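Fold and geometry: a report
So you can see what is in the structure, the chains are spelled out below.
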Amino acid sequence: QVQLVESGGGLVQAGGSLRLSCAASGNTFSITGFGWYRQAPGKQRELVATVSSSGRTNYADSVKGRFTISRDNAKNTVYLQMNSLKPEDTAVYYCHAEATIFLYWGQGTQVTVSS
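Only a predicted model underlies this, so the values are computations on that prediction, with no experimental measurement involved.

Criteria and cut-off values
- Each chain carries its own residue numbering, running from 1 in the direction its sequence is written.
- Only residues with pLDDT of at least 70 are given local features in this predicted model, and only at 80 or more are side-chain atom pairs given and counted; all residues enter the totals for whole chains, interfaces and linings.
- Working from all heavy atoms in the structure, the side-chain values ignore hydrogens and water.
- Every helix listed is a DSSP run of H or I at least four residues long, and every strand listed is a run of E at least two residues long, numbered separately from the N terminus.
- Three exposure classes are used, based on accessible area relative to the maximum for each residue type with a 1.4 Å probe and protein chains only: buried under 20%, partly exposed in between, and exposed over 50%.
- In the sections that follow, a salt bridge refers to a side-chain nitrogen of Lys or Arg positioned within 4 Å of a carboxyl oxygen of Asp or Glu.
- Two strands pair if DSSP finds at least two bridges between them.
- A fitted line through C-alpha atoms represents every axis, and for helices the fit uses only the stretch in contact; the resulting angles, taken between N-to-C directions, go from 0 to 180 degrees.
- When the centres of two rings from Phe, Tyr and Trp lie within 6.5 Å, Trp using its six-membered ring, the rings pair. Their planes under 30 degrees apart give stacked, over 60 give edge-to-face, and anything left gives tilted.
- Note on criteria: charge over ring means Lys NZ or Arg CZ within 6 Å of the ring centre, with the direction from the centre no more than 35 degrees off the ring normal.
- The criterion is simple. A nonpolar core is a set of buried Ala, Val, Leu, Ile, Met, Phe, Trp, Tyr and Cys residues joined through side-chain atoms within 4.5 Å.

1. Here's the deal with the environment of Ala-74
Mapped onto the elements, Ala-74 comes out in the loop between β7 (67-72) and β8 (77-82). Taking the relative accessible area as the measure of exposure, Ala-74 reaches 75% and is therefore exposed. C-alpha separation for the pair Ala-74 and Glu-46, spaced 28 residues apart in sequence, amounts to 28 Å.

2. Quick look at the pattern of salt bridges
The full count for this structure, using the stated rule, is four salt bridges. Here Asp-61 makes a salt bridge to Lys-64, at a shortest N to O gap of 3.1 Å. According to the relative accessible area criterion, Asp-61 is exposed, its value standing at 65%. Residue Lys-64 is classed as partly exposed on the basis of its relative accessible area of 49%. Close ionic contact of Asp-89 with Arg-66 constitutes a salt bridge, the shortest N to O distance being 2.7 Å. Of this pair, Asp-89 sits in the loop between β8 and β9 (91-99) while Arg-66 sits in the loop between β6 (57-59) and β7, and the two are 23 residues apart along the sequence. Judged on exposure class, the residue Asp-89 and its partner Arg-66 are both buried. Via salt bridges that share partners, Arg-38, Glu-46, Arg-66 and Asp-89 belong to a single interconnected network.

3. Quick notes on the sheet that holds β7
Spatially, β1-β3-β8-β7 is the arrangement adopted by the four strands of the open sheet, whose pairing is antiparallel. Pairing within the sheet leaves two strands with one partner each, and these edge strands are β1 (2-7) and β7. The average undirected angle you get between the axes of adjacent strands in this sheet is 15 degrees. Pairing geometry for β1 and strand β3 (residues 18-26), over six bridges, is antiparallel. When the sheet's bridge partners are listed, Glu-6 is paired in β3 with Cys-22.

4. As for the packing of aromatic side chains
This structure, assessed with the given rule, holds two aromatic pairs. Seen from their ring centres, Phe-102 and Tyr-104 are 6.5 Å apart, and the 40 degrees between their planes marks the pair as tilted. Just above the ring of Trp-105 sits the side chain of Arg-45; from NZ or CZ to the centre is 4.7 Å.

5. Observations concerning the pairing of strand β11 (residues 109-114)
Because side chains alternate across β11, one face comprises the buried residues Thr-109, Val-111 and Val-113, and the other comprises Gln-110, Thr-112 and Ser-114, none of which is buried. In terms of strand pairing, strand β2 (residues 10-13) meets β11 through four bridges, oriented parallel. Across the sheet, Leu-11 pairs through a bridge with Thr-112, a residue of β11. In this sheet, β11 lies alongside β9 in antiparallel orientation, the contact comprising three bridges. The residue bridging Val-92 from the neighbouring strand is Gln-110, located in β11.

6. Overview of the nonpolar core
Within the largest apolar cluster, 31 residues are counted, with the highest numbers of intra-cluster contacts made by Leu-4, Phe-34, Trp-36, Leu-80, Met-82 and Tyr-93. Secondary-structure elements contributing two or more residues to this core are β1, β3, β4 (31-39), β5 (46-51), β7, β8, β9 and β11. The element contributing the most residues to this core is β9, with five residues.

Printed below as a string of structure tokens:
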């Protein structure tokens, strides 16, 4: 089992920045990839960014150049640095971990961007 706890969400004005953190605990040795997803009201959950065990990253087109995903393997933590935030980035952001054949999700953290 892997537990994921997100932090760092909040309210920010358009153009501002936030940094989300996701701390993993439990069987962290089995984690291969991490990701951040988001879900806005009335919309489906969507991929924001992923990072593999080798550090390879992938981003949704809507956040490329503004968001950066990174991981600290020593701390079993993954980060999402969000810059130049827009009102359309408002959503609940979820941390995701892949561990062998299992998928794990955090409880989510709210990000609200005001115009």
